[in-house]
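For reference, the chains in residue letters:
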Amino acid sequence: MPSPDSQETPVLVVGAGPAGLAAAIELARHDVPSLLVERRPELSSHPRATVLSLRSMELVRAWGLEADMRARSADVDWHMLEAETLADAAAGSPLTVGYPNPEQSRMLSPTAPACIAQDDVEPLLLEHLRASPHARVELGTQLTGLFADPDGVRADLRDAGTGAVRTVHARYVVAADGARSAVRSALGIRMIGPDRLMEGMTTLFHAPLWDVAGEHRHPIYSITHPEVPSVLIPTGPSDRWLFGGFDDAARDEARTIELIRLAAGVPDLPVRLGRSRWFSAGAQLAERWSLAGVFLAGDAAHRVTPRGGTGLNLALHDGYDLGWKLAWVMRGWAPPALLDSYETERRPVVEYTAARSADPGGSIRPVETEVSVDIGARIAHAWEGGRSTLDLLEPGLTLFTAREESGSLSATAGLAGHAARRPAARSRHGPCDRGGRGLGPPCQIGRHAGRTVAGRLQPGPRAVCRGMIARLLIGPLAFYAGGYRIWLLRAARTAHAEATVYDRTTMPLSSGVVPASRKRAVGASL
Ligand SMILES: Cc1cc2nc3c(=O)[nH]c(=O)nc-3n(C[C@H](O)[C@H](O)[C@H](O)COP(=O)(O)OP(=O)(O)OC[C@H]3O[C@@H](n4cnc5c(N)ncnc54)[C@H](O)[C@@H]3O)c2cc1C
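Residues numbered from 1 in each chain as written. Predicted model: local features only at pLDDT ≥ 70, side-chain atom pairs only at ≥ 80, totals over all residues. Heavy atoms only, no water.

1. Some details on the sheet that holds strand S13 (residues 220-223)
Reasoning step 1: Here we have seven strands laid out as an open sheet, ordered S5-S4-S13-S14-S15-S12-S16, and mixed in their pairing. The sheet is open, and its two edges are formed by strand S5 (93-96) and strand S16 (272-281), each paired on a single side. Averaged over all pairs of adjacent strands, the angle between their axes in this sheet comes to 25 degrees, without regard to strand direction.
Reasoning step 2: Strand direction decides the pairing type here: strand S14 (residues 230-234) and strand S15 (residues 240-245), joined by five bridges, are antiparallel. Opposite Ser-230, over in S15, you have Gly-245 as the bridge partner.
Reasoning step 3: Contacting strand S12 (198-206), S13, S14, S15 and S16, helix H8 (residues 253-264) crosses the sheet at an angle of about 90 degrees to S16. (Pairing = 2+ DSSP bridges. Helix = DSSP H or I, 4+ residues; strand = E, 2+ residues; numbered from the N terminus. Axes fitted to C-alpha atoms, helices over the stretch in contact; angles between N-to-C directions. Contact = heavy atoms within 4.5 Å.)

Okay, here's the thing in structure tokens:
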């Protein structure tokens, strides 16, 4: 039992990097309170990562932050340019590094990757989180102790300013405390995989390098000059750049400026140096990602080298996945066993990505492979009435239908077919929540022209969507949670339809009392 003077929070999130911020944002989006603690009084001002992937931009779009991120990103051609110096960019070779170009992005998604620095991304996420009434954020607060108890976890938090320690009791903890995760060590969880695969220095500097690059604007330049094999990386549209070299850590400022000028191919380039950071990267996964109500996320669960530019994106995706699943459990919409799917579903993606990052040739990869790893099995994008299928996804379930006669499960056909039928229910609230009884996850029904009919599914192992199916729908029904299809059945117009809606741990997911002749798991994805 929590001690009477300890503070209560459903979820404690440790670390305000991309993983912790994404987890707390998803919890808040589902109206689940959380406390996020970050030991630093301010977020890191080192850019570190400089690319938000296609899937990451989809997530920030869902959070309403796409335009803000885009405004801070540089417009680039999504190849790495290999050239002897930046001034020789016109003679350089564009290499495919797995990012989709604008045409490819347009086919796959309502958005596109962004060339934006991590220290521009994090403040936007933090500001967004702070605007939620459900999230409490405490910078300058360090987790110093963690103890399991029968109802969850007790955590000691130390105020960095005063040194005062207090205890918080949480049902669950998200350990997003970075590569040197103290939580992971305290739990005795080992990292498995090669360490020290890549070591080097990144230096932040200001110089007018976009003028040097001219029309050859890329997210990364691989410089092959024999005296300075290195990378030059823009951190956005400004003249703030990163220089990544692999020589020894002891070089002084004068030598660093000399190397940057050599890499740029401009002997008198005005350079203003910022901080340098030494890094040592491995490709490792924690042997397990959870223990006793504590879940590791982001770098705490895995480390990758900078090759492929995936560390930030993996962290963000972990936080999103864990966040919405914790929210479902805390809301009573799914059993705690749902949380097992976090590691089951994220681990293969991370294993693939870590192996790529360990491969000396891992930077150069075809777009098709890397994009499908990035977006995974999320719902296919299709425009309908100015909105993407992804824009129709809300916290809770989203239901898409396809016209039975079409025999097609394409999202466009589904939405258009649905609209053509003009379903009978026109109210914003489906019949299931009338009287406020038995509220389960809200169920948004994707519809033409941006109109949405909301309903509720009753909680418990057998969720009932009686009425909604009866009144609204004919044809295959696909339910999505967190952007992934969790349940699909085929129903005809029927007075009563009930089904077990959510249990990812016991696939297949469609079951219940819909007559067998009227339900069918369909292999194609919407
Ligand atoms: C020099 C460098 C270059 C990089 N380049 C790239 C790149 O090009 N592309 C890419 O994708 N990735 C890159 N990365 C990796 C990327 O920055 C990380 O993968 C990403 O930040 C991981 O996010 P995270 O939220 O898991 O952890 P972090 O961003 O490390 O955040 C963890 C947070 O937890 C806080 N914390 C730790 N312990 C406690 C505690 N006890 N109590 C409270 N708070 C705590 C820390 O202060 C920190 O703010 C780079 C990293 C470095 C260091």
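2. Comments concerning the side chain of Thr-85
Reasoning step 1: Looking at the element boundaries, Thr-85 is found in the loop between strand S4 (79-83) and S5.
Reasoning step 2: Under the relative-accessibility criterion, Thr-85 is labelled buried at 7%.
Reasoning step 3: Side-chain polar atoms of Thr-85 contact the side chain of Asp-88, separated by 3.0 Å. (Buried < 20%, exposed > 50% of the residue type's maximum accessible area, 1.4 Å probe, protein only. Polar contact = N/O pair within 3.5 Å; in protein donor to acceptor, adjacent residues only side chain to side chain.)

3. Here's the deal with the pairing of S15
Reasoning step 1: Counting buried positions along S15 yields six of six residues, so the element is predominantly enclosed.
Reasoning step 2: Of the two faces of S15, both are covered, the one formed by Arg-240, Leu-242 and Gly-244 as well as the one formed by Trp-241, Phe-243 and Gly-245.
Reasoning step 3: Direction of pairing for S12 relative to S15: antiparallel, over a ladder of six bridges. Bridge pairing in S15 places His-206 opposite Arg-240.

4. Structural notes on the confidence of the model for the protein
Reasoning step 1: Summarising the model, the protein shows a mean pLDDT of 80, and 74% of its residues fall at 70 or more.
Reasoning step 2: Below a pLDDT of 50 lies the segment residues 489-526, which in the model reaches 109 contacts outside its immediate sequence neighbourhood of four places, other chains included. (pLDDT = per-residue confidence, 0-100.)

5. Notes on the site of the ligand
Reasoning step 1: If you check the shell around the ligand, you find 27 residues, and the closest are Ala-19, Glu-38, Gln-118, Asp-299 and Gly-311.
Reasoning step 2: A distance of 2.7 Å separates an oxygen atom of the ligand from a polar atom in the side chain of Gln-118.
Reasoning step 3: Look at the ligand: alone it shows 1,000 Å² of surface, and the protein chains cover 88% of it.
Reasoning step 4: Those elements that place two or more of their residues in the shell around the ligand are helix H1 (18-29), strand S2 (34-38), strand S8 (141-149) and helix H9 (311-330).
Reasoning step 5: Taken together, the residues of the shell around the ligand sort by class into nine nonpolar, 11 polar and seven charged. (Near = heavy atom within 4 Å. Areas by Shrake-Rupley, 256 points an atom, 1.4 Å probe, with all protein chains shown as cover. Nonpolar A, V, L, I, M, F, W, Y, C, P; charged D, E, K, R; others polar.)

6. Focus: the pattern of salt bridges
Reasoning step 1: One pass over the full model with this rule turns up 23 salt bridges.
Reasoning step 2: Across the salt bridge formed by Glu-58 and Arg-378, the nearest N and O atoms sit 2.6 Å from each other. One end of the pair, Glu-58, is in helix H2 (residues 54-62); the other, Arg-378, is in the loop between helix H11 (367-375) and strand S21 (383-384), with 320 residues separating them in the sequence. Considered together, Glu-58 and Arg-378 belong to a single accessibility category, that of buried residues. (Salt bridge = Lys/Arg side-chain N within 4 Å of Asp/Glu carboxyl O.)

7. So, the packing of helix H10 (residues 340-358) against H11
Describing two packed helices takes the angle between their axes plus the distance from one axis to the other.
Reasoning step 1: In contact at an axis separation of 10 Å, H10 and H11 are set at 140 degrees when each is read in the N-to-C sense. In terms of their interaxial angle, H10 and H11 are classed as oblique. When you trace H10 past H11, the crossing you get is left-handed. Mapping the contact onto sequence places Val-349, Tyr-352, Thr-353 and Arg-356 in H10 and Thr-369, Glu-370 and Val-373 in H11. (Parallel < 35°, antiparallel > 145°, perpendicular 65-115°, else oblique. Left-handed = near helix turned anticlockwise from the far one by under 90°.)

8. Section: empty space enclosed by the protein
Left-over empty space is what a probe sized like a water molecule reveals as it rolls over the atoms.
Reasoning step 1: A complete count under the given rule lists two cavities of 30 Å³ or more for this structure.
Reasoning step 2: Empty space within the largest cavity amounts to approximately 220 Å³.
Reasoning step 3: For the lining of the largest cavity, the secondary-structure elements that each account for two or more residues are H1, H2, H9 and strand S26 (475-481).
Reasoning step 4: Grouping the amino acids of the lining of the largest cavity by side-chain chemistry returns 10 nonpolar, five polar and seven charged. (1 Å grid on protein atoms, 1.4 Å probe; cavity = no way out; pocket = protein on both sides within 12 Å on 5 of 7 lines; lining within 4 Å. Points joined across faces, edges and corners; volume = space filled by probe spheres on them.)

9. Side note on the sheet that holds strand S20 (residues 302-303)
Reasoning step 1: Judged by pairing direction, the sheet is antiparallel, and its three strands sit side by side in the order S11-S17-S20 without closing on themselves. Here the strands that pair on one side only, and so sit at the sheet edges, are strand S11 (191-192) and S20.
Reasoning step 2: Taken together, the two bridges between S11 and strand S17 (residues 284-286) define a ladder with antiparallel strand orientation. Each bridged residue has a counterpart across the sheet, and for Met-191 the counterpart in S17 is Ala-286.
Reasoning step 3: This element, H10, spans S17 and S20 of the sheet and lies at about 160 degrees to S17.

10. So, the packing of H1 against helix H5 (residues 118-130)
Reasoning step 1: Look at H1 against H5: their axes get within 10 Å of each other, and the N-to-C directions meet at 25 degrees. Between H1 and H5, the interaxial angle falls into the category roughly parallel. Classified by chirality, the crossing of H5 by H1 is left-handed. Contacts between H1 and H5 pair Pro-18, Leu-21, Ala-24, Ile-25 and Ala-28 from the former with Gln-118, Glu-122, Leu-125, Leu-126, His-128 and Leu-129 from the latter.
Reasoning step 2: For the contact of H1 with H5, the class distribution of residues is eight nonpolar, two polar and one charged.

11. Points about the pairing of S4
Reasoning step 1: Relative to S5, S4 is paired through four bridges, and the arrangement is antiparallel. Among the inter-strand pairings, Met-80 is bridged to a residue of S5, identified as Leu-95.
Reasoning step 2: The sheet contact formed by S4 and S13 spans four bridges and is parallel. Bridging from a neighbouring strand, Leu-81 pairs with Tyr-221 of S13.

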